[in-house]
Structure formats: structure tokens, C-alpha cells
Amino acid sequence: KLGAVVVFLFVGFILFAIILIAYQAKSFNNYPDIAREYMATGDYEQAYISLLKEGDKVKETTLYEQLRVLQKLNKKLSYYSSNLTLLEREKALDSLIDGIEIYDKEKTHAKELDVEKQYNEIYDEILNNLKSEYKLNEKEARAIMKINNKEDYSKKINEVCKKTK
């Protein structure tokens, strides 16, 4: 009887180990699929978060790199929205201006990763917010972005915000 119990426990342990390994393998496959679903709906933040749940395993993947590039720009829109909600119009404008700079730095990479369309959609949203909230076109926003002196930059941001309250 004792031998049968030991064999039964051993077989149970082996089955448990197989199930655990299969679950982890399935888990790895699910997060990228979930991330792709979020990505398809334009929810890049949730897609990125879903993929990060996999840890270091996914950091070498194209999907991870695509989402990293998209989320880097999309994050500026999130900062804009948060700051606008908090009535921090200057910080909100600064986030949009930062978005233009990020767009310029990463647009070639976005094209290489085949997410140029989504990347440009995020950028268009940045430009639309600049126009609707601050009455700035792209050329005017880029002129502000090019101000190197922090004090002058802050003055210009404040000036734009006062004009458009």
C-alpha cells in the first residue's frame, strides 16, 4: 500500500508540474495576444501594460518595440489630458510640445517598425489639441519647441495659455 501511495503522489507531482509549465507557456502567449487586441483598438497604454506583464521575455520582440514607440508619444497625450483636467494648462501645453519633439525623434523608427499610421494618428491628435485648446498650428508649436532658454520657453508657454483661457 505504501508503494502505491508513493507512486500515486509521484505521478500527481509530475502531472502538476506539467500543468504548471503548460499554464506558464499559455500565459506567455496570451499577453502578446491581449496586447495586440488593445493595440488594434488604439489603447496603446493598456497594450503596453499587458505586454509588460510578461517581464523580460518580451523586451526583445517587435511587438514590444512597436508599443514602446507608440506609448512614448501617447504618454504625452495622457499627460496633456491629466494636466488639463487638473487645470494645469501650462503643463498640458508643455506635454503637447514635448510630444512634437518625441514625434520627430521616433518617426523614422515608427516607420521601420511598421506602425507609422498609428504613430501619425497620435501625432494628429496632439496637433488637434494644440489647435483646439491653445489656437496653435504646428509651425507655431514648433517655434515654441525650438526656444532653448528655459525662462523664455516658460514665458512663451504662459503667454499662450493666458491668451487662450
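Before reading further, recall that the structure is shown in the block above.
Enquirer: I keep staring at the environment of lysine 111 and nothing clicks. Help me out?
Expert: Mapped onto the fold, lysine 111 is located in helix H4 (residues 89–112). Remark: the alpha-carbon pair of lysine 111 and glutamine 66, spanning 45 residues in sequence, is separated by 9.8 Å.

Enquirer: Help me out: how do you make sense of the pattern of salt bridges in this one?
Expert: Once their charged atoms are close, side chains differing in charge can pair, the charge on each being opposite to the other. Tallied over the full model, the rule gives 12 salt bridges. Arginine 68 is the partner of glutamate 65 in a salt bridge, and the nearest nitrogen-oxygen pair spans 2.7 Å. Here glutamate 65 pairs with arginine 68, and both are found in helix H3 (residues 62–85), just 3 residues apart, close to one helical turn. Of the residues examined, arginine 68 reaches a relative accessible area of 22% and is grouped as partly exposed. Across the pair arginine 89 and glutamate 133 runs a salt bridge, and its minimum N-O distance is 3.2 Å. Here arginine 89 is found in helix H4, whereas its partner glutamate 133 is found in helix H5 (residues 116–134), with 44 residues between them in sequence. With relative accessibility at 11%, the residue arginine 89 sits in the buried group. On the accessibility criterion, glutamate 133 (24% relative accessible area) is partly exposed. Sharing partners across several salt bridges, the network here consists of Glu65, Arg68, Lys72 and Glu106.

Analysis parameters
- Residues numbered from 1 in each chain as written.
- Predicted model: local features only at pLDDT ≥ 70, side-chain atom pairs only at ≥ 80, totals over all residues.
- Heavy atoms only, no water.
- Helix = DSSP H or I, 4+ residues; strand = E, 2+ residues; numbered from the N terminus.
- Salt bridge = Lys/Arg side-chain N within 4 Å of Asp/Glu carboxyl O.
- Buried < 20%, exposed > 50% of the residue type's maximum accessible area, 1.4 Å probe, protein only.

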